[in-house]
Amino acid sequence: MTRKHYLDLKRTGGKTAFARITDEVLLDIFAFMFSYSLVFSFSYSIKASLLAAAFLCAAFAIIQHAVKKEKSKEFEEAYRAELKERCRLEKFSLLETEEKQAILTKYLKTDHLEKKYGGLFDRTSNTFYYIFPHLQDSEIGAIDIAEIVLKKRSMHAEKCAVLSSAEFSFDAKSLARVQKIEILNIGEVLKNTDMIEVSEKEIDEALNFEMELYREQKNEEKKAILGKGSLFYTGCAIFFGIWPLVFGFSILYPIMSTLCLGLAALSHMTNKAKV
């Protein structure tokens, strides 16, 4: 699978190349028929209508191809930008606490921060900032927010803000809203500080990794289909083997039964070879 093929699958919601080509052909046929009907309604000439419809259909196909190419380019740029942000988040989640605090300090643009209760406290604004150490794929729960509420009360802070590369659960967001705890946008913080660089090579590696996962997923689906195929062919072989006993012998039935057994064996061996 090429990178272009994978991105086309993502852009079209998983449509195969055959399905996309079929859609384009059907659209071209519709455009041709519509153009022919429109021209014929004015000219009443079959030849002129066919020529005009062919010309309009060719022009439509060229425009369609140009639009598709531009959309593919825009999607690739947007998807690479999304991958870049995900790589940046992953890098942030693996940083040490001190490094994360340095990024937050740069974002807040203040020199009045001091380390306290595992976070940063700004005496000038009486605000407590806390960075959750959770990894990117984990989730911040309500109990995590409850612990921050206790820390906030212990230092008598008027305001509180939290930051994490992980997702916040619905309960966590609700509790944070009730307790007036601001959830800082991690993407905005990282973008504005620009302290974590992501190279084009890293984006390519992330894209290749996604493609590899997609291939593995498709292979697993194929294995499942092949496994069902061997059972289906075996069932057909049994059916054709029993049929002559009930309705009389015919040379066709043993041939069909043998053929089904061969297909079942082939399906099983193919599936086993891919495991």
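Everything in this summary refers to the structure shown in the same document.

Let us look at a negative patch on the surface. A cluster of like negative charges, contributed by E70, E74, E76 and E77, occupies part of the molecular surface. As for its position among the elements, E76 is in helix α3 (residues 46-93). On the basis of relative accessible area, E76 is assigned to the partly exposed category, the value being 32%.

Next up on the list: the packing of aromatic side chains. Under the criterion given, the structure shown has six aromatic pairs. Seen in terms of ring centroids, F30 and F34 are 6.4 Å apart; in terms of plane orientation they differ by 20 degrees. Their pairing is stacked. Residue F30 and its partner F34 are both found in helix α2 (residues 17-43); the two are separated by four residues, about one turn of the helix. Exposure class is identical for F30 and F34. Each is exposed. Ring geometry for Y130 versus F132: centroids 5.2 Å apart, planes at 80 degrees, classification edge-to-face. Of the residues examined, F132 reaches a relative accessible area of 3% and is grouped as buried. Through successive ring pairs, a cluster of aromatic residues spans F128, Y130, F132 and F168. Above the plane of the ring of F92 lies K100, whose end atom (NZ or CZ) is 5.4 Å from the centre. Taking NZ or CZ as reference, K116 lies 5.4 Å from the ring centre of F121, over its face.

Structurally, N126 can be placed in the loop between β2 (119-122) and β3 (127-131). Among the residues examined, N126 registers a relative accessible area of 17% and is labelled buried. Apart from the residues lying within four places of it in its own chain, the contact partners of N126 are F121, H156, A157, E158 and K159.

So, on to the environment of K159. Tracing the backbone shows K159 in strand β5 (residues 159-163). When neighbours within four sequence positions are excluded, K159 is seen to be in contact with S125, N126, T127, F128 and K152.

Bringing the packing of α2 against α3 into the picture now. Look at α2 against α3: their axes get within 8 Å of each other, and the N-to-C directions meet at 145 degrees. The two elements α2 and α3 cross, and the hand of that crossing is right-handed. For the contact of α2 with α3, the residue count by class is 16 nonpolar, four polar and three charged.

Taken together, the side chains of L27, F30, F34, L38, F42 and F60 make up a nonpolar region of the molecular surface, amounting to roughly 660 Å² of accessible area. The element contributing the most residues to the nonpolar patch is α2, with five residues. Exposure remark for F34: the relative accessible area of 51% places this residue in the exposed category.

A few words now on α3. The first and last C-alpha atoms of α3 sit 68 Å apart over 48 residues, in line with the 70 Å expected at 1.5 Å per residue. The complete set of buried residues in α3 reads S49, A53, C57, S72, Y79, R80, L83, C87, R88, L89, F92 and S93. One side-chain oxygen of the residue at the start of α3 lies 3.3 Å from the amide nitrogen of A48, identifying that residue as S45.

In total, this model carries twelve salt bridges according to the counting rule given. Across the pair R3 and D204 runs a salt bridge whose closest N-O atoms are separated by 3.2 Å. Taken as a pair, R3 in helix α1 (residues 3-11) and D204 in helix α8 (residues 200-247) lie far apart in primary sequence, 201 residues in all. What makes R3 partly exposed here is its relative accessible area of 30%.

In this section: the sheet that holds β3. Here five strands make up an open sheet; going across it, the order is β1-β2-β3-β5-β7 and the pairing mixed. Two strands close off the open sheet at either side, each with one partner strand: β1 (113-116) and β7 (181-183). In this sheet, adjacent strand axes meet at a mean angle of 25 degrees when their direction is disregarded. Note that β1 and β2 share four bridges and pair antiparallel. For E114, the partnering residue across the bridge sits in β2 and is F121.

Criteria and thresholds
- Every chain's residues receive numbers from 1 upward, in the order its sequence appears when written.
- Given that this is a predicted model, residues contribute local features only at a pLDDT of at least 70 and side-chain atom pairs are listed and counted only at 80 or more, while totals for whole chains, interfaces and linings are drawn from all residues.
- Side-chain calculation: all heavy atoms of the structure are included, whereas hydrogens and water are not.
- Candidates for patches are residues over 30% relative accessible area with no salt bridge; among them, like charges are joined within 9 Å and nonpolar side chains (Val, Leu, Ile, Met, Phe, Trp, Tyr) within 5 Å.
- Calculation of accessible area relied on Shrake-Rupley with a 1.4 Å probe; when residues are assessed, cover is drawn exclusively from the protein chains displayed.
- Definition used for salt bridges: Asp or Glu carboxyl oxygen within 4 Å of a side-chain nitrogen of Lys or Arg.
- Positive charges come from Lys and Arg, negative ones from Asp and Glu, while His and the chain ends are left out of the count.
- We put the charge of a Lys on NZ, of an Arg on CZ, of an Asp on CG and of a Glu on CD.
- Secondary structure elements are defined from DSSP: runs of H or I of at least 4 residues count as helices, runs of E of at least 2 residues count as strands, and each element is numbered from the N terminus.
- Each residue gets one of three labels from its accessible area relative to the maximum for its type: buried under 20%, exposed over 50%, partly exposed in between, using a 1.4 Å probe on protein chains only.
- Each Phe, Tyr or Trp ring (for Trp, its six-membered ring) is paired with any other whose centre lies within 6.5 Å, and the angle between the two planes then decides the class: stacked below 30 degrees, edge-to-face above 60, tilted in between.
- Two conditions define a charge located above a ring, namely a distance within 6 Å from the ring centre to NZ of Lys or CZ of Arg, and an angle within 35 degrees of the ring normal.
- Contacts are assigned to residue pairs that have any heavy atoms within 4.5 Å of one another.
- Here the axes come from fitting lines to C-alpha atoms, over the contacting stretch only for helices, and the angles between their N-to-C directions go from 0 to 180 degrees.
- Take the far helix as your reference; a near helix turned counterclockwise from it by less than a right angle gives a left-handed crossing, and one turned clockwise gives a right-handed crossing.
- Three classes are used, and their members are as follows: Ala, Val, Leu, Ile, Met, Phe, Trp, Tyr, Cys and Pro are nonpolar, Asp, Glu, Lys and Arg are charged, and the others, Gly among them, are polar.
- Each helix should span, by expectation, one fewer than its residue count multiplied by 1.5 Å.
- Counted as a polar contact is a pair of N or O atoms within 3.5 Å, where, for protein atoms, one must be capable of donating a hydrogen and the other of accepting one, and residues adjacent in sequence contribute only when both atoms are in side chains.
- The pairing criterion is simple: DSSP has to find at least two bridges between the two strands.

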